[in-house]
Amino acid sequence: MKSRRALLYMPGDSRPKIEKAITLGVDSICMDMEDGTAHNRKEKARETIATALQELDFGNAEKLIRINGFGTGLEADDLAATLKYHPEGVVIPKVESLAQIEWLSDQIEAMELSKGWPLNHIRILAGVESTKGIINLKEIATHPRLDGLIFGAEDYAASIGATRTRGGLEILYARSKVVLHAAANELQAIDIVFVNYKDSVNLKIESLQGAQMGFTGKQIIHPNQVGPVQEAFSPSDAAIDYAQRLLEAFEAAEAEGAGAIAFEGKMIDMPLVKSARSVIERAKAAGKL
Ligand code: COA
Ligand code: MG
């Protein structure tokens with residue numbers, strides 16, 4: 001699965017921002033037709049995205065589109081205007097049920113069949129950001145076309161009547177639940193937007209917190225956020241080094257028939273080995289190995 005440490009949104013009607021995004025070395029570029037685009041610019045966004053998909057070389061960056069949510073009356077036209085130009089994935093916001101993902105997947109499959117594209121190639125990332133979305137995660141997260149779950153804090157907080165605070169206690173339950181259901185279905189979990197894009201200190205703190213909670217990446221909204229977020233969601237050199245030493249020691253002991261070993265003063269068994277293997281995989285995905 002493609003590594004998505006940093007997923008950058010830009011208003012889909014802004015060709016300059018789409019072009020800028022391509023120069024940033026960001027993992028995923030998400031051209032937005034939803035909340036980043038004004039109501040009277042939806043048509044313009046569809047056209048701009050359609051042209052960008054045809055004309056621009058995105059290099060190593062993943063090209064994603066974000067459509068308007070199911071039931072807005074915009075979602076089918078968003079897809080009709082852009083899907084035929086082959087984005088690599090579709091972000092659907094404010095998902096509240098498995099049926100909504102099924103609807104989107106059926107639309108994508110029909111396009112894949114009509115174009116002769118490989119089936120299931122175009123992936124779905126589901127935004128969960130409401131009471132029902134969080135409650136129905138158990139079903140939503142099972143769809144086979146999903147690559148990841150995206151948590152939206154602002155909409156979620158509004159949906160439960162909470163006030164956003166810096167500490168974020170009001171979103172902790174839902175934020176953790178997204179990680180849980182993503183992990184249970186081997187999906188990526190993509191963390192909240194840090195909207196104060198000039199504050200790099202607190203961006204780093206929030207990014208590290210997300211990584212520690214188990215998120216695999218974070219949504220971003222400004223070029224300044226690319227570097228700090230990619231770094232927070234890549235294993236550090238020290239973590240990679242430790243994982244390599246641990247695995248070497250474990251594999252040597254395992255060959256001798258030991259299941260749990262002592263390593264640098266700590267007991268090491270299967271869960272820690274799995275976590276070390278995941279560090280190595282993420283380091284490879286981040287180009288650090
Ligand atoms: N993607 C690509 N390029 C972006 C960008 C983004 N999300 N945000 C800013 N840039 C570009 C600007 O166009 C500018 O480019 P330039 O130097 O070539 O002119 C440069 O980065 C510096 O931008 P800056 O002047 O600091 O910000 P701004 O005032 O132009 O824009 C925002 C501020 C918040 C409007 C802008 O960052 C933005 O549109 N973010 C995305 C919003 C969005 O999509 N929201 C929905 C998802 S939550
Ligand atoms: Mg939103």
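Residues numbered from 1 in each chain as written. Chains lettered and ligands numbered in written order. Predicted model: local features only at pLDDT ≥ 70, side-chain atom pairs only at ≥ 80, totals over all residues. Heavy atoms only, no water.

### Topic: the nonpolar core
Across soluble globular proteins, you tend to see nonpolar side chains buried next to one another. As a reminder, the rule being used: Here the nonpolar core consists of buried residues drawn from Ala, Val, Leu, Ile, Met, Phe, Trp, Tyr and Cys, with membership extended through side-chain atoms lying within 4.5 Å. Only protein chains enter the calculation, and the probe is 1.4 Å; a residue is then buried if its accessible area is under 20% of its type maximum, exposed if over 50%, and partly exposed in between. Think of it this way: any DSSP run of H or I at least four residues long counts as a helix, any run of E at least two long counts as a strand, and we number them from the N terminus. Contact between two residues is taken to exist if any of their heavy atoms lie within 4.5 Å; hydrogens are not considered.
The biggest cluster of nonpolar side chains holds 58 residues, and the ones touching the most others in it are Met-31, Ile-65, Val-90, Leu-149 and Phe-151. In terms of residues, this core owes the most to one element, helix H8 (residues 169–184), which gives five residues. Beyond its immediate stretch of four places on either side in the chain, Phe-151 contacts Val-128, Ile-134, Tyr-156, Ile-171, Ala-174, Arg-175, Val-178, Ile-190, Asp-191, Ile-192 and Gln-219. Ranked by size, the runner-up nonpolar core spans 14 residues in total, among them Ala-243, Phe-250, Ile-261 and Ala-276.

### Quick notes on the packing of aromatic side chains
Heads up, the condition is: Each Phe, Tyr or Trp ring (for Trp, its six-membered ring) is paired with any other whose centre lies within 6.5 Å, and the angle between the two planes then decides the class: stacked below 30 degrees, edge-to-face above 60, tilted in between.
In this structure the tally under the stated criterion is three aromatic pairs. The interplanar angle of 75° and the centroid separation of 5.5 Å between the aromatic rings of Phe-70 and Trp-103 together place this pair among those described as edge-to-face. Taken as a pair, Phe-70 in the loop between strand S3 (62–66) and helix H3 (75–82) and Trp-103 in helix H4 (residues 98–115) lie far apart in primary sequence, 33 residues in all. When its relative accessible area of 39% is taken as the criterion, Phe-70 is described as partly exposed.

### Considering the site of ligand 1
The test is simple: Nearness here has a simple test: a residue counts as near a molecule or strand if at least one of its heavy atoms is within 4 Å of that partner. In protein, a polar contact means a hydrogen-donor-capable atom and an acceptor-capable atom, both N or O and within 3.5 Å, with residues adjacent in sequence counting only if both atoms are side-chain atoms; elsewhere, any N or O pair within 3.5 Å suffices. Residues are grouped as follows: Ala, Val, Leu, Ile, Met, Phe, Trp, Tyr, Cys and Pro are nonpolar; Asp, Glu, Lys and Arg are charged; all remaining types, including Gly, are polar.
Looking at ligand 1, there are 13 residues lining it, with Tyr-9, Lys-17, Ile-221, His-222 and Pro-223 nearest. Between ligand 1 and Lys-20 there is a distance of 3.5 Å, counted from an oxygen atom to a side-chain nitrogen or oxygen. Within the side chain of His-222, a nitrogen or oxygen atom sits 2.7 Å from an oxygen atom of ligand 1. Considering each element in turn, the shell around ligand 1 owes the most residues, four residues, to strand S1 (residues 6–11). Taken together, the residues of the shell around ligand 1 break down into seven nonpolar, two polar and four charged.

### Focus: the domain arrangement of the chain
Which entries qualify depends on this criterion: The domain boundaries here were taken from an automatic or database domain assignment.
When the domains of the chain are assigned, the result is domain 1 (6–232) and domain 2 (237–285). Look at where the C-alpha atoms of domain 1 and domain 2 centre, and you get two points 33 Å apart.

### Remarks on helix H12 (residues 270–285)
Quick reminder of the rule: Expected span, for any helix, means 1.5 Å times one less than how many residues it has.
If you check H12, its first and last C-alpha atoms are 22 Å apart, about what 16 residues at 1.5 Å a residue would give, namely 22 Å. After H12 finishes, the residue Gly-287 shows a positive phi value of roughly 75°.

### Quick word on the UniProt feature "binding site: substrate" (unreviewed entry) in the chain
The line we're drawing: UniProt positions are given in the numbering used here, feature names are shortened, and annotations may be inferred rather than shown by experiment.
Those residues carrying the UniProt feature "binding site: substrate" (unreviewed entry) are Arg-66 and Glu-129 in this numbering. By relative accessible area, which is 10% here, Arg-66 ends up buried. Look past the residues within four positions of Arg-66 in its chain and what remains in contact with it is Tyr-9, Cys-30, Met-31, Asp-32, Met-33, Glu-34, Asp-35, Gly-36, Val-91 and Pro-93. Position of Glu-129 relative to the elements: it lies in the loop between strand S5 (123–128) and helix H5 (131–135). Residue class for Glu-129 comes out buried when judged on its relative accessible area of 9%. Excluding residues within four positions of it along the chain, Glu-129 makes contact with Pro-93, Lys-94, Gly-152, Asp-155, Tyr-156 and Ser-159. Here the side chain of Glu-129 touches Lys-94 through a polar contact of 2.8 Å, landing on its backbone nitrogen.

### Here we look at the sheet that holds S5
Heads up, the condition is: When DSSP finds at least two bridges between two strands, those strands are taken to pair. The axes used here are C-alpha line fits, helices contributing only the stretch in contact, and every angle between their N-to-C directions lies in the interval 0 to 180 degrees.
Here eight strands make up a closed barrel; going around it, the order is S1-S2-S3-S4-S5-S6-S7-S8 and the pairing parallel. Pairs of neighbouring strands in the sheet enclose a mean axial angle of 25°, with direction left out of account. In this structure, S1 lies alongside strand S8 (residues 217–220), joined through three bridges in parallel fashion. Residue pairing in the sheet places Ala-6 in a bridge with Lys-218 of S8. Sheet strands touched by helix H1 (residues 15–22): S1 and strand S2 (28–32). Its angle to S1, the strand with the most contacts, is close to 160°.

### Notes on the pattern of salt bridges
Where we set the bar: Salt bridge criterion: a side-chain nitrogen from Lys or Arg within 4 Å of a carboxyl oxygen from Asp or Glu.
What the rule picks out here adds up to 23 salt bridges. Residues Arg-46 and Glu-43 are paired through a salt bridge, measuring 3.1 Å at the closest nitrogen-oxygen approach. Within this pair, Arg-46 and its partner Glu-43 are both found in helix H2 (residues 42–55), separated by three residues, close to a single helical turn. Judged by relative accessible area, Glu-43 falls into the partly exposed class, the value being 47%. A salt bridge links Asp-191 to Arg-175, with the shortest nitrogen-to-oxygen separation between them at 2.8 Å. Within this pair, whereas Asp-191 is found in strand S7 (residues 188–191), its partner Arg-175 is found in helix H8, the two being separated by 16 residues in sequence. Of the two residues, Asp-191 and Arg-175, both sit in the buried class. Via salt bridges that share partners, Asp-32, Glu-34, Asp-35, Arg-66, Lys-94 and Asp-155 belong to a single interconnected network.

### Focus on unusual backbone geometry
In this structure, His-86 is a non-glycine residue whose phi angle is positive, near 60°. We note that Glu-264 has phi near 50°; this positive angle belongs to a residue other than glycine. Position of Glu-264 among the secondary structure elements: in the loop between strand S9 (261–263) and strand S10 (266–268).

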